[in-house]
Structures are given as C-alpha cells and as structure tokens.
Amino acid sequence: MRAGTGLRSLVPLLICGVMAAAAGCGGSTDEQGGESLELEAKWHDRISEAVSAKPDGCRAGVGSACETHAAAVHVVTEQLHKEVEARPDKERYQATLDGTTAIDESYDQYFTQLCATVPETTVDAATTQKFTTCSGLYTSIITDAGDLQNNLRPSE
C-alpha cells in the first residue's frame, strides 16, 4: 500500500460531510438537503428545453409558430405549478408559484389576443398596437420561464 492512499478514500467523506451541513449530500431528505433540490433537478432542464425549442418561423413573437412555442412553454410551467400545489410544503415555493402564475396570466392574454393571427408586418395603427402587445406578451412568457429556472428552490 502506498503512503497517502488511505487519505484519498476519506476525502469524499469529508467533502460530503461539509456539504451535508451546508446544503445536503448523498440523498439527504432533510429540509436543506436533497429533497429541497428535487424540484430544481426535475424541472430546470424541462423549462430550458421548452424555452430553447423556438421554431424557425417564430421571429417577432406573433404568428402560429410563436403561439405554438408559447403554448409549449406554458404546458411545462403549468405542470410545474400543479406539482408544487400538490406538495405539502408548497408555501416554501411561493416564488415558483408566483412565476408560474405570471406565465399563466401572460399566456391567457396572448391566447385571448389571438396573437397567432397578427402579422409581422403591420400597415395601420391598430395592427401595430396589437403586434406590440402580442410581442410583449410573448417576450414575457419566455423571459419569465427563464427566470423561473432560478426560482425552483424553496425559501428558507
């Protein structure tokens, strides 16, 4: 046995011990441990994939391609909202619930405004206003979903 190899096997235990005290390690399910990161681990990539799956035909936040993209993002965040609502500790995830609610409200407005029918090129003031409204709502949905990825951990 070489000198120092016994210490090498202790390093992971020491690191895990320090991490367990700070944020949980190795499958811990205490309040600050692995369970608190469960939501983030499950939903971060799902949200990221939905946001980044923007169709080629979606350029300005209007039209059917953008509506399809907004709907896909909304479906993911709606599923997240339902999962958090079903948690016994849902009050610890208020930022997550607020984020999903904001996306839901923006999507409802986007859909109600019939943004899929708004052209990218406008010729009158009314169409320009509708374009601006729809483009802003689309941007809110996508931006809020990106922000939601940073609000998947429970509050202390």
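The sections below set out a description of the structure shown in this document. What you are looking at is a predicted structure, and each value in this text was computed from that prediction instead of being measured.

Helix length check: helix α5 (residues 125-148), at 24 residues, gives a terminal C-alpha distance of 34 Å against a target of 34 Å (1.5 Å per residue), a fit within 8%. Buried within α5 we find F131, C134, S135, L137, Y138, I141, I142, A145 and L148. The distance from a side-chain oxygen at the start of α5 to the backbone nitrogen of A126 is 3.2 Å, and the residue carrying that oxygen is D124.

A separate point is unusual backbone geometry. Residue L114 is not a glycine yet carries a positive backbone phi of 55 degrees. Along the chain, L114 falls in the loop between α4 (94-112) and α5.

A separate point is the environment of Q113. By the element assignment, Q113 lies in the loop between α4 and α5. Look at Q113 and you get partly exposed, because its relative accessible area is 31%. The sequence separation of Q113 and K130 amounts to 17 residues, and the corresponding C-alpha distance is 7.8 Å. Contacts of Q113, omitting those with residues within four sequence positions, involve K130, T133, C134 and L137.

Moving on to the side chain of E83. Along the chain, E83 falls in helix α3 (residues 64-85). Separated by 3.3 Å, the side chains of E83 and W43 make a polar contact. Apart from residues lying up to four places away in sequence, E83 is in contact with L39, K42 and W43.

α4 packs onto α3 with a crossing angle of 145 degrees between their chain directions and a minimal axis gap of 9 Å. Read as a crossing pair, α3 and α4 show a hand that is left-handed. Residues C66, E67, A70, A71, H74, T77, E78, L80, H81, V84 and E85 of α3 pack against T96, L97, T100, T101, I103, D104, Y107, Y110 and F111 of α4. Here the residues of the contact of α3 with α4 are counted per class, giving 10 nonpolar, 6 polar and 4 charged.

Turning to the environment of H44, a few remarks are in order. For H44, the location among the structural elements is in helix α2 (residues 34-52). Of the residues examined, H44 reaches a relative accessible area of 29% and is grouped as partly exposed. When the C-alpha positions of H44 and L148 are compared, they lie 8.5 Å apart, and in sequence the two are 104 residues distant. If sequence neighbours within four positions are ignored, H44 has contacts with L39, Q149 and L152.

Next up on the list: the packing of aromatic side chains. For any pair of aromatic rings, geometry is given as the distance between the ring centres together with the angle between the planes. Going through the model one piece at a time under the given rule, you end up with 2 aromatic pairs. Pairing Y107 with F111 gives two aromatic rings, centres 6.2 Å apart and planes at 25 degrees, and the pair type is stacked. Taken as a pair, Y107 and F111 lie in helix α4 at a separation of 4 residues, close to a single helical turn. Y107 gets classed as buried once you look at its relative accessible area, which sits at 12%.

Our focus in this paragraph is the pattern of salt bridges. Within this structure, the stated rule accounts for 7 salt bridges. The shortest N-O distance in the salt bridge between R153 and E40 comes to 2.7 Å. Here E40 lies in helix α2 and R153 lies in the segment after α5, a separation of 113 residues in the sequence. You can call E40 partly exposed: its relative accessible area is 21%. A single salt-bridge network, built from bridges that share partners, covers E38, R87, D89 and R92.

Calculation rules
- Residues numbered from 1 in each chain as written.
- Predicted model: local features only at pLDDT ≥ 70, side-chain atom pairs only at ≥ 80, totals over all residues.
- Heavy atoms only, no water.
- Helix = DSSP H or I, 4+ residues; strand = E, 2+ residues; numbered from the N terminus.
- Expected span 1.5 Å × (residues − 1).
- Buried < 20%, exposed > 50% of the residue type's maximum accessible area, 1.4 Å probe, protein only.
- Polar contact = N/O pair within 3.5 Å; in protein donor to acceptor, adjacent residues only side chain to side chain.
- Contact = heavy atoms within 4.5 Å.
- Axes fitted to C-alpha atoms, helices over the stretch in contact; angles between N-to-C directions.
- Left-handed = near helix turned anticlockwise from the far one by under 90°.
- Nonpolar A, V, L, I, M, F, W, Y, C, P; charged D, E, K, R; others polar.
- Phe/Tyr/Trp six-rings, centres within 6.5 Å; stacked < 30°, edge-to-face > 60°.
- Salt bridge = Lys/Arg side-chain N within 4 Å of Asp/Glu carboxyl O.

These values are about where atoms sit, not about what they do.
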